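Coordinates in review
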Amino acid sequence: MYNPKPTRTALHRLIAKYPEVAGCQQEIEKAIELIAQSYQQGGKLLVCGNGGSASDSEHIVGELMKGFMSRRPLSGAQREGFLTAFPNEGSYLADHLQGALPAISLVSQSAFLSAYANDVAPDMAFAQQVYGYAKPGDVLLGISTSGHSANVLRAVQVARALGVSTIGLTGQTGGKLAELSDVAICVPYHATPDIQERHLPIYHAICIALEEQFFGT
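Here the structure is a predicted model, which means the values were calculated and not measured.

1. Topic: the overall build of the protein
The secondary structure content of the protein amounts to 10 helices and 5 strands. In the protein, buried positions account for 46% of the 217 residues. Within the protein, contacts between residues at least 6 apart in sequence are counted, and of these 71% link residues at least 24 apart. Counting every atom, the protein has about 10,500 Å² of accessible surface; 54% of that belongs to carbon and sulfur. Taking the average location of the 15 positive side-chain charges in the protein and that of its 19 negative ones, the two points are 4 Å from each other.

Below, the structure is given as structure tokens:
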């Protein structure tokens with residue numbers, strides 16, 4: 001059952017282990033609230049980034065679409081639906097499904113990305129997916145250590161035009177991404193490896209907090 005009160009446990013653990021990101025706590029909390037509100041209203045999260053941030057995008061989706069720190073079993077009503085539809089195999093289906101928080105990684109569509117980059121414009125490949133997938137009430141999380149990744153910025157611009165909320169995960173200066181985003185999480189480092197090393201525990205904390213809100217612990 002959804003708990004509308006944001007959990008602080010994950011954030012306390014994050015800051016205890018990485019005290020240098022304490023200055024980002026308010027923005028992290030805003031990001032959790034924004035995504036939770038979207039999920040509560042039937043929305044979804046879109047995620048994009050380049051290089052290591054592309055891997056982070058897929059990582060985030062992996063933590064949201066299945067059990068992360070908890071099992072997320074189906075409810076009795078959901079289970080009964082599978083048993084009714086498939087009396088012989090419904091139990092297997094229900095036992096091997098987990099509650100999901102809908103999320104799509106925009107970096108994972110290799111055929112589309114290569115075609116769009118070749119045929120149209122490389123910096124618009126994420127933006128085209130936002131245009132195709134997103135609806136008002138959804139959230140786009142753009143990851144860029146510099147805050148200047150052109151394809152991420154284009155995606156955020158399209159999201160804003162469509163009424164989609166935006167979160168930027170970036171470095172100390174924030175760049176154009178911080179200016180465009182509704183919520184900007186700017187970790188206090190300049191070097192890419194240092195920034196990425198803090199991005200991972202931050203998005204882990206966000207995923208854990210969301211899981212606790214929607215599925216308990």
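2. Re the sheet that holds strand β5 (residues 183-186)
Within a beta sheet, neighbouring strands are joined by backbone hydrogen bonds and run either parallel or antiparallel to one another. In space, the 5 strands of this open sheet follow the order β2-β1-β3-β4-β5, with parallel pairing throughout. Unpaired on one side and paired on the other, β2 (103-105) and β5 mark the two borders of the sheet. This sheet shows a mean twist of 15 degrees between the axes of neighbouring strands, independent of strand direction. As defined by bridge partners, strand β1 (residues 45-49) adjoins β2 across 3 bridges and the pair is classed as parallel. Its bridge partner being in β2, L46 is matched across the sheet by I104. Here helix α7 (residues 125-133) sits on the sheet in contact with β1, β2 and β3 (139-143), set at roughly 175 degrees to β1.

3. Points about the packing of aromatic side chains
The full count for this structure, using the stated rule, is 2 aromatic pairs. The interplanar angle of 90 degrees and the centroid separation of 5.9 Å between the aromatic rings of Y39 and F214 together place this pair among those described as edge-to-face. In this pair, Y39 sits in helix α2 (residues 25-40) while F214 sits in helix α10 (residues 192-215), placing the two residues 175 residues apart along the sequence. The pair formed by Y39 and F214 is uniform in burial state, with each residue classed as buried. The side chain of R198 reaches across the aromatic face of Y189, ending 4.1 Å from its centre.

4. Observations regarding the pattern of salt bridges
Evaluation of the coordinates by the stated rule reveals 9 salt bridges. Its salt-bridge partner being R72, residue E211 comes within 2.8 Å of it at the nearest N-O pair. You can see E211 sitting in helix α10 and its partner R72 sitting in the loop between α3 (52-64) and α4 (76-85), a full 139 residues away along the chain. Across this residue pair, the class does not change: E211 and R72 are buried. Because the salt bridges share partners, they merge into one network encompassing E20, E197 and R198.

5. Structural notes on the nonpolar core
When a protein is soluble and globular, its nonpolar side chains tend to lie buried together. Ranked by size, the top nonpolar core spans 37 residues in total, and within it L45 and I185 carry the most contacts. Among the elements of the structure, α1 (9-17), α2, β1, α3, β3, β4 (165-170), β5 and α10 are those that each provide at least two residues to this core. The leading source of residues in this core is α10, at 10 residues. Within the second largest apolar cluster, 22 residues are counted, among which are L46, V156, V164 and L177.

6. Focus on α10
The terminal C-alpha atoms of α10, which comprises 24 residues, lie 34 Å apart, in line with the 34 Å expected from a rise of 1.5 Å per residue. Phi turns positive, to about 70 degrees, at G216, one or two residues after α10.

7. Some remarks on the environment of Y133
Of note, Y133 is situated in helix α7. Y133 sits in the partly exposed class, given a relative accessible area of 35%. In this structure the C-alpha to C-alpha distance between Y133 and L106, which are 27 residues apart in sequence, comes to 9.7 Å. With sequence-adjacent residues up to four places away left out, Y133 is seen in contact with K44, L46, I104, L106, Q109 and D138.

Here is what the cut-offs are and how they apply
- Residues numbered from 1 in each chain as written.
- Predicted model: local features only at pLDDT ≥ 70, side-chain atom pairs only at ≥ 80, totals over all residues.
- Heavy atoms only, no water.
- Helix = DSSP H or I, 4+ residues; strand = E, 2+ residues; numbered from the N terminus.
- Buried < 20%, exposed > 50% of the residue type's maximum accessible area, 1.4 Å probe, protein only.
- Contact = heavy atoms within 4.5 Å.
- Areas by Shrake-Rupley, 256 points an atom, 1.4 Å probe, with all protein chains shown as cover.
- Lys, Arg positive; Asp, Glu negative; His and termini not counted.
- Charge placed at Lys NZ, Arg CZ, Asp CG, Glu CD.
- Pairing = 2+ DSSP bridges.
- Axes fitted to C-alpha atoms, helices over the stretch in contact; angles between N-to-C directions.
- Phe/Tyr/Trp six-rings, centres within 6.5 Å; stacked < 30°, edge-to-face > 60°.
- Lys NZ or Arg CZ within 6 Å of the ring centre and 35° of its normal.
- Salt bridge = Lys/Arg side-chain N within 4 Å of Asp/Glu carboxyl O.
- Core = buried A, V, L, I, M, F, W, Y, C linked by side-chain atoms within 4.5 Å.
- Expected span 1.5 Å × (residues − 1).

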